[in-house]
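Topology and contacts: notes
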Amino acid sequence: WRPASVSPSLPSPRAAAVHFVPAKSKPAQNVSQYRDAEMGRHYIKQTSLVVGGLGAIALLSYAFFFHGGIDMVIPAEDRLFIAVNENNLVRVKEILESGQVKNVDQGFGGSSTSALMRATEKNNLEIIKALIEAGATVKYEAKGRETALHIAAYYGYLEVAKLLLLSGANPNVPLEQNALTPLHQAILKEHIDTAKLLVESGADVKLMTGDGRNAITMARRLGNPDFISWLESIRRINTLFHQVHGH
């Protein structure tokens, strides 16, 4: 008996060992060069991305600052209010003349304070004129029924009050809180010249505040007898006028 011969289709372990050729490893120098090349390509790629991003930002910035980009972002009414707040008459006129402002009375960010009211707070007579010429509503009432004339009376801005009254402002609008009229506010803040202007422009000295005071009773606390006498004479004249004309 003899062992069966090894199948010729299966190589012997020795033969396999003879035919197996292990892969040659790259020399250390070649590996280092390959890594450096890969790092270089990665750096160039990242640099290109950064440069491209910076270029896009620069392009957008150029368009934004030099080609009216801000005008495309902020509504014209808000830009107008900002210009008024900065006392920038040139910018105010530029925005008004652009034809982009649809509502001159619209407040900043949807608030009820109009550009005219803010210009009155700033006591900027030229901007007030520009706004009125552009169609700002002089009788506009903000939240609480406050008007530009209330503001002018409160601060004693005599010239502004004159302009508002000549433009049709109502001197007898009472605030929702305490029913204060522009005349009441002028007296409370002791702006006698402004109070006289209001009375001469039709402010009713008999109108009562929410706590039951009229212009004369409020004036008595000021300790100004001449002003009190003047108000009382106005009241008598008004009373006589109404009696004669039956109003």
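Residues numbered from 1 in each chain as written. Predicted model: local features only at pLDDT ≥ 70, side-chain atom pairs only at ≥ 80, totals over all residues. Heavy atoms only, no water.

Things to note about the overall build of the protein chain
- When helices and strands are tallied, the protein chain shows 13 helices and 0 strands.
- Beginning at the N terminus, the succession of helices and strands in the protein chain can be written as α-α-α-α-α-α-α-α-α-α-α-α-α.
- Here the protein chain holds 247 residues, and 30% of them are scored as buried.
- In the protein chain, once contacts between residues fewer than 6 apart in sequence are set aside, the share between residues at least 24 apart is 64%. (Helix = DSSP H or I, 4+ residues; strand = E, 2+ residues; numbered from the N terminus. Buried < 20%, exposed > 50% of the residue type's maximum accessible area, 1.4 Å probe, protein only. Contact = heavy atoms within 4.5 Å.)

So, the packing of aromatic side chains
- According to the stated counting rule, one finds 4 aromatic pairs in the structure shown.
- Centre to centre, the rings of F81 and F108 are 5.7 Å apart; their planes meet at 35°, and the pair counts as tilted. With F81 in helix α4 (residues 76-85) and F108 in the loop between α5 (89-97) and α6 (115-121), this pair connects stretches of sequence that are 27 residues apart.
- On the basis of relative accessible area, F81 is assigned to the buried category, the value being 6%.
- With a relative accessible area of 39%, F108 lands in the partly exposed category.
- Ring centres 6.3 Å apart and planes at 15° place the aromatic pair F227 and W230 in the stacked group. With a gap of 3 residues between them, F227 and W230 both fall in helix α13 (residues 225-245), about one helical turn apart.
- Taken together, the ring pairs in this structure connect Y154, Y155 and Y157 into an aromatic cluster. (Phe/Tyr/Trp six-rings, centres within 6.5 Å; stacked < 30°, edge-to-face > 60°.)

Looking at the packing of helix α7 (residues 125-133) against helix α9 (residues 158-166)
- As a packed pair, α7 and α9 sit with axes 10 Å apart at the nearest point and diverge in direction by 15°. Considering their axes alone, α7 and α9 lie roughly parallel with respect to each other. Crossing handedness for the pair α7 and α9: right-handed. Between α7 and α9, the contacting residues are L125, I128, K129 and I132 on the first element and E159, V160, L163 and L164 on the second.
- Broken down by class, the residue content of the contact of α7 with α9 amounts to 6 nonpolar, no polar and 2 charged. (Axes fitted to C-alpha atoms, helices over the stretch in contact; angles between N-to-C directions. Parallel < 35°, antiparallel > 145°, perpendicular 65-115°, else oblique. Left-handed = near helix turned anticlockwise from the far one by under 90°. Nonpolar A, V, L, I, M, F, W, Y, C, P; charged D, E, K, R; others polar.)

Quick look at the packing of helix α8 (residues 148-155) against α9
- Their axes nearest at 9 Å, the elements α8 and α9 cross at an angle of 155°. One element, α8, and the other, α9, form an angle in the roughly antiparallel class. Where α8 crosses over α9, the two elements pack in a sense that is left-handed. Here α8 contributes A148, L149 and A152 to the contact with α9, which in turn contributes V160, A161, L164 and L165.
- Here the residues of the contact of α8 with α9 are counted per class, giving 7 nonpolar, no polar and no charged.

Looking at the confidence of the model for the protein chain
- For the protein chain, the average pLDDT comes to 80, and 67% of its residues sit at 70 or higher.
- Contacts for the low-pLDDT stretch residues 1-21, under 50 throughout, to residues beyond four places or in other chains number 0 contacts. (pLDDT = per-residue confidence, 0-100.)

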